[in-house]
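One letter stands for each residue in the lines below.
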Amino acid sequence: LAVKRSPLLGSVSAVLGQHFGKVPPRPYDAGALLSSLGKARQTAIALAALEWFRQTCQVNNFHFSVVLNAHAKLGDWATALGLLGMMDQHFVEKDIIIYSAAISAC
């Protein structure tokens, strides 16, 4: 399963680009924002933000797990499993937390 490009990516990119300016975001900042969006159940925005952060800073399995967990909690198994595939495409290592979240989505 593939994750579809978020229709919110343009809007999210504009907001994040304006917020961070020319200074690339730190991975910590990316994690904090994705975590907040996940807790607020803003999964579509979190997915678009993950796409933007992937292009602007070094994302790792933590960033993917936050977004995957948010989708899992809403029962969006298709996107959760698609994120596993996205991790393969971007050479992000999976761990037990990632697999557990993906299983819980199903």
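Remember, predicted model here, so these are calculated numbers, not experimental data. Counting restarts for each chain: residues are numbered from 1 in the order of the written sequence. Local features in a predicted model are, by the rule used here, given only for residues with pLDDT of at least 70; side-chain atom pairs are given and counted only at 80 or more, and totals for whole chains, interfaces and linings are based on all residues. Excluded from the side-chain calculation are hydrogens and water; included are all heavy atoms of the structure.

### Quick look at the overall build of the protein
Turning to step 1, where the next piece is worked out: Counting from the N terminus, the helices are DSSP H or I runs at least four residues long and the strands are E runs at least two residues long. For the protein, the count of helices and strands is six helices and zero strands.
Turning to step 2, where the next piece is worked out: Along its sequence from the N terminus, the protein presents helices and strands in the succession α-α-α-α-α-α.
Turning to step 3, where the next piece is worked out: All radius of gyration figures rest on C-alpha atoms, and the globule criterion is 2.2 Å times the number of residues raised to 0.38. Taking 2.2 N^0.38 as the reference for a compact globule, 106 residues should give roughly 13 Å; the C-alpha atoms of the protein span a radius of gyration of 13 Å, in line with that estimate.
Turning to step 4, where the next piece is worked out: Along the first, second and third principal axes, the C-alpha atoms of the protein reach 40 × 25 × 20 Å.
Turning to step 5, where the next piece is worked out: Residue burial in the protein is summarised as follows: out of 106 residues, 42% are buried.
Turning to step 6, where the next piece is worked out: The contact definition used throughout considers only heavy atoms, calling two residues in contact when any of these lie within 4.5 Å. Looking at the protein alone, contacts between residues at least 24 apart form 70% of all its contacts between residues at least 6 apart.
Turning to step 7, where the next piece is worked out: Computed by Shrake-Rupley with a 1.4 Å probe, the accessible areas treat only the displayed protein chains as cover when residues are assessed. Surface accessibility of the protein: about 6200 Å² in total, with carbon and sulfur atoms responsible for 58%. For every residue, the accessible area (1.4 Å probe, protein chains only) is compared with the maximum for its type, and the residue is labelled buried under 20%, exposed over 50%, or partly exposed between those bounds.

### Notes on helix 6 (residues 96-105)
Turning to step 1, where the next piece is worked out: Within helix 6, the full set of buried residues consists of Ile 98, Ala 101, Ala 102 and Ala 105. Taken end-on, helix 6 shows its buried residues confined to a sector of 100°, consistent with a single buried face. Of the exposed residues in helix 6, those oriented more than 90 degrees away from the buried face are Ile 96 and Ile 103.
Turning to step 2, where the next piece is worked out: Contacts made by the buried residues of helix 6 are with helix 4 (61-73) and helix 5 (77-89).
Turning to step 3, where the next piece is worked out: The backbone nitrogen of Ile 97 lies 3.2 Å from a side-chain oxygen of the residue at the head of helix 6, namely Asp 95. Note that the arc is defined by the directions from the helix axis to the C-beta atoms. N or O atoms closer than or at 3.5 Å make up a polar contact, with two conditions inside protein: a donor-capable atom paired with an acceptor-capable one, and, for residues adjacent in sequence, both atoms drawn from side chains.

### Examining the packing of helix 3 (residues 43-56) against helix 4
Turning to step 1, where the next piece is worked out: Note on geometry: axes are C-alpha line fits, over the in-contact stretch for helices, and angles between N-to-C directions span 0 to 180 degrees. The interhelical angle for the contact between helix 3 and helix 4, taken along N-to-C directions, is 165°, at an axis separation of 10 Å. It follows from the interaxial angle that helix 3 and helix 4 lie roughly antiparallel. For the crossing formed where helix 3 meets helix 4, the hand is left-handed. Residues Thr 43, Ala 46, Leu 47, Leu 50 and Arg 54 of helix 3 form the contact with helix 4, whose participating residues are His 63, Phe 64, Val 67, Ala 70 and His 71.
Turning to step 2, where the next piece is worked out: For the contact of helix 3 with helix 4, the per-class residue count stands at six nonpolar, three polar and one charged. Relative orientations are named as follows: roughly parallel for angles under 35 degrees, roughly antiparallel for angles over 145 degrees, roughly perpendicular for angles from 65 to 115 degrees, and oblique for any other angle. Two helices cross in a left-handed way if the nearer one is turned anticlockwise from the farther one by less than a right angle. They cross in a right-handed way if the turn is clockwise. Three classes are used: nonpolar for Ala, Val, Leu, Ile, Met, Phe, Trp, Tyr, Cys and Pro, charged for Asp, Glu, Lys and Arg, and polar for all others, with Gly counted as polar.

### Section: the side chain of His 71
Turning to step 1, where the next piece is worked out: Note that His 71 resides in helix 4.
Turning to step 2, where the next piece is worked out: Accessibility expressed as a relative area gives 3% for His 71, which makes it buried.
Turning to step 3, where the next piece is worked out: What His 71 contacts, discounting residues up to four positions off in sequence, is Thr 43, Leu 47, Asp 76, Thr 79, Ala 80 and Leu 83.

### Quick word on the pattern of salt bridges
Turning to step 1, where the next piece is worked out: One side-chain nitrogen of Lys or Arg within 4 Å of one carboxyl oxygen of Asp or Glu is enough to make a salt bridge. Scanning the entire structure with this criterion turns up two salt bridges.
Turning to step 2, where the next piece is worked out: For the salt bridge of Asp 88 with Lys 94, the shortest nitrogen-to-oxygen distance reads 2.4 Å.
Turning to step 3, where the next piece is worked out: For Asp 88, a relative accessible area of 48% corresponds to the partly exposed category.

### What to know about the nonpolar core
Proteins that are soluble and globular tend to have nonpolar side chains buried together.
Turning to step 1, where the next piece is worked out: Put simply, buried Ala, Val, Leu, Ile, Met, Phe, Trp, Tyr and Cys residues joined by side-chain atoms within 4.5 Å make one nonpolar core. One finds Phe 53, Phe 64, Leu 68 and Leu 83 to be the most contacted residues of the largest nonpolar core, which totals 32 residues.
Turning to step 2, where the next piece is worked out: At the level of elements, helix 1 (9-20), helix 2 (27-39), helix 3, helix 4, helix 5 and helix 6 are the ones that each hand at least two residues to this core.
Turning to step 3, where the next piece is worked out: Of the residues forming this core, the biggest block, seven residues, is contributed by helix 3.
Turning to step 4, where the next piece is worked out: Excluding its chain neighbours within four sequence positions, the residues that come into contact with Leu 83 are Val 3, Leu 47, Leu 50, Phe 64, Val 67, Leu 68 and His 71.

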